[in-house]
Amino acid sequence: QVQLQESGPGLVKPSETLSLTCAVSGFSISSDYYWGWIRQPPGKGLEWIASVYHRGSTYYSPSLRSRLTISVDTSKNHFSLNLRSVTATDTAVYYCARTLGSSGPDVFDIWGQGTMVTVSS
Amino acid sequence: DIVMTQSPDSLAVSLGERATINCKSSQTLLYSSNNKNYLGWYQQKPGQPPKLLIYWASTRESGVPDRFSGSGSGTDFTLTISSLQAEDVAVYYCQQYHATPTFGQGTKVEVK
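Residues numbered from 1 in each chain as written. Chains lettered and ligands numbered in written order. Predicted model: local features only at pLDDT ≥ 70, side-chain atom pairs only at ≥ 80, totals over all residues. Heavy atoms only, no water.

Caption draft 1: Summary view of the sheet that holds strand E1 (residues 4-7) of chain B. All names here are of chain B. Here four strands make up an open sheet; going across it, the order is E1-E3-E10-E9 and the pairing antiparallel. Strands at the two margins of the open sheet, each flanked by one partner only, are E1 and strand E9 (68-73). Here the strands of the sheet are splayed against their neighbours by 20 degrees on average, with no regard to which way each runs. Alignment of E1 against strand E3 (residues 19-25), held across four bridges, turns out to be antiparallel. The partner of Ser-7 across the bridge, within E3, is Asn-22. (Pairing = 2+ DSSP bridges. Helix = DSSP H or I, 4+ residues; strand = E, 2+ residues; numbered from the N terminus. Axes fitted to C-alpha atoms, helices over the stretch in contact; angles between N-to-C directions.)

Right, dumping it as structure tokens:
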């Protein structure tokens, strides 16, 4: 059974870097899928952030691209997200997810439970 | 970005009745090379992650009840719940994957 589990700091100060990790269990991250991050501000809708393939191919939300880095660690079977220079508008539940297919932009069929990140001093 | 607009923002339907949610994209989601519409639908209940219901606009994900169906092509799409059950109360989102993914704003479905 494929499971994804996000981990993160919970609270980040403005202007600092938010670092999140998604641990994948029951499935190899080196399989033929993309892995992505999606966020949801409190009481609001979903926003896709970035996706990565195990061989290093990445794509990013145009509005966040300048502040983002997504990466994969196949030895640890996890993938990570760094979001730099955070502000209060980055406060959200952050989900990691697996795409249904392997050809880039796709729907997400398996999701983690999400981790709440608050940006506040 | 492709902008996704859902309507209505919320709707209340009696148990056993039909619920219809619309989703409109700012650009076509149909690839002529494979005749597929790059559109998916999700259900999200409070405190839970989204659950994939439909992809390719009309293909039901494994395990999804057949009262859920998707239709449409190009820029106009519909999610239909043929007979609303109490457990279907949720927020529903459409998502395009023709380009970098974007979601609709969500439609809240409640029981009348």
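Caption draft 2: Fine view of the packing of aromatic side chains. Scanning all chains against the criterion turns up 16 aromatic pairs over all chains. Aromatic side chains A:Trp111 and B:Tyr42 sit 5.7 Å apart centroid to centroid with 80 degrees between the ring planes, which places their arrangement in the edge-to-face category. Taken as a pair, A:Trp111 in strand E10 (residues 108-111) and B:Tyr42 in strand E6 (residues 39-44) lie in two separate chains rather than in one. Here A:Trp111 falls in the buried class, since its relative accessible area comes to 9%. Look at B:Tyr31 and B:Tyr38: their rings are 4.8 Å apart centre to centre, the planes differ by 75 degrees, and that puts the pair in the edge-to-face class. With relative accessibility at 33%, the residue B:Tyr31 sits in the partly exposed group. When its relative accessible area of 12% is taken as the criterion, B:Tyr38 is described as buried. (Phe/Tyr/Trp six-rings, centres within 6.5 Å; stacked < 30°, edge-to-face > 60°. Buried < 20%, exposed > 50% of the residue type's maximum accessible area, 1.4 Å probe, protein only.)

Caption draft 3: Geometry of the sheet that holds strand E7 (residues 68-73) of chain A. Residues and elements named next belong to chain A. The antiparallel open sheet is built from four strands, whose spatial order is E1-E3-E8-E7. Both outer strands of the open sheet, strand E1 (3-7) and E7, are each paired with one neighbouring strand and no more. Each neighbouring strand pair of the sheet contributes to a mean axis angle of 15 degrees, computed without reference to strand direction. Sheet topology note: the E1/strand E3 (residues 18-25) ladder contains five bridges and is antiparallel. Across the sheet, Leu-4 pairs through a bridge with Val-24, a residue of E3.

Caption draft 4: Seen up close, unusual backbone geometry. In this model, B:Ser7 is joined to B:Pro8 through a cis peptide bond whose omega is -10 degrees. Mapping B:Pro8 onto the fold places it in the loop between E1 and strand E2 (10-13). Non-glycine residue A:Ser15 carries a positive phi angle of around 80 degrees. Looking at the secondary structure, you find A:Ser15 in the loop between strand E2 (11-12) and E3. A positive phi is found at B:Trp56, a non-glycine position, where the angle reads about 50 degrees.

Caption draft 5: Molecular detail of the layout of surface pockets. Roughly 400 Å³ of internal volume is contained in the largest pocket. B:Gln48, B:Pro49, B:Pro50, B:Lys51 and B:Leu52 are, among the 24 residues lining the largest pocket, the residues nearest its centre. Taken together, the elements giving at least two residues each to the lining of the largest pocket come down to E10 of chain A together with E6 and strand E7 (51-55) of chain B. Partitioned by chemical class, the residues of the lining of the largest pocket number 10 nonpolar, seven polar and seven charged. What lines the second largest pocket is a set of 18 residues, among which A:Gln40, B:Gln44, B:Lys45, B:Pro46 and B:Gly47 lie closest to the centre. Of all the elements in the fold, those that place two or more residues in the lining of the second largest pocket are strand E9 (92-99) of chain A together with strand E11 (90-96) of chain B. Counting residues per element, the lining of the second largest pocket draws most heavily on E11(B), at three residues. Considering only residue class, the lining of the second largest pocket consists of nine nonpolar, six polar and three charged. (1 Å grid on protein atoms, 1.4 Å probe; cavity = no way out; pocket = protein on both sides within 12 Å on 5 of 7 lines; lining within 4 Å. Points joined across faces, edges and corners; volume = space filled by probe spheres on them. Nonpolar A, V, L, I, M, F, W, Y, C, P; charged D, E, K, R; others polar.)

Caption draft 6: Structural view of the state of the cysteines. Residues and elements named next belong to chain B. In this structure the tally under the stated criterion is two disulfides over all chains. The disulfide partner of Cys-23 is Cys-94, and the S-S distance across this bridge is 2.1 Å. Disulfide Cys-23-Cys-94: the torsion about the S-S bond is 75 degrees, which places it as right-handed. Placement of Cys-23 in strand E3 and of Cys-94 in strand E11 is noted, with a sequence separation of 71 residues between them. For the residue pair Cys-23 and Cys-94, the accessibility class agrees, reading buried in each case. (Disulfide = S-S within 2.5 Å.)

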